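# Working through the structure, step by step
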Amino acid sequence: MKSFLQIFGSVLIMLGLIAAMGMAGDCDGKCMENANPLSVVLLIAVGSLVSMSLGAIMIFKAERI
């Protein structure tokens, strides 16, 4: 159970980081018609923060087992 929590927590942290890095999309103002609206960017940001925090909680809980 301890190794499962550590591995799954690490995966959640990595996926949260990837989502946080890719949420804005780099278009340099040249493709604003294809850019994400602010509501989608905020939704992805909240989801990535939740993913990273849950991953950290799982890793901390695994250390107590």
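How each quantity is defined
- Residues numbered from 1 in each chain as written.
- Predicted model: local features only at pLDDT ≥ 70, side-chain atom pairs only at ≥ 80, totals over all residues.
- Heavy atoms only, no water.
- Phe/Tyr/Trp six-rings, centres within 6.5 Å; stacked < 30°, edge-to-face > 60°.
- Helix = DSSP H or I, 4+ residues; strand = E, 2+ residues; numbered from the N terminus.
- Axes fitted to C-alpha atoms, helices over the stretch in contact; angles between N-to-C directions.
- Parallel < 35°, antiparallel > 145°, perpendicular 65-115°, else oblique.
- Left-handed = near helix turned anticlockwise from the far one by under 90°.
- Contact = heavy atoms within 4.5 Å.
- Nonpolar A, V, L, I, M, F, W, Y, C, P; charged D, E, K, R; others polar.

A separate point is the packing of aromatic side chains. The final tally for this structure, using the stated rule, is one aromatic pair. Centre to centre, the rings of Phe4 and Phe8 are 5.7 Å apart; their planes meet at 5°, and the pair counts as stacked. Linking Phe4 with Phe8, this pair stays in helix H1 (residues 2-22), spanning four residues, or about one helical turn.

Here we take up the packing of H1 against helix H2 (residues 38-64). For the pair H1 and H2, interaxial distance at closest approach is 7 Å and the crossing angle is 160°. Between H1 and H2, the crossing angle belongs to the class labelled roughly antiparallel. Between H1 and H2 lies a crossing of left-handed hand. Across the interface between the two elements, Lys2, Leu5, Gln6, Phe8, Gly9, Ser10, Leu12, Ile13, Gly16, Leu17, Ala19 and Ala20 from H1 touch Ile44, Ser48, Ser51, Met52, Leu54, Gly55, Ala56, Met58, Ile59, Ala62 and Glu63 from H2. Taken together, the residues of the contact of H1 with H2 sort by class into 14 nonpolar, seven polar and two charged.

So far we have only geometry, and geometry alone does not tell us how the molecule works.
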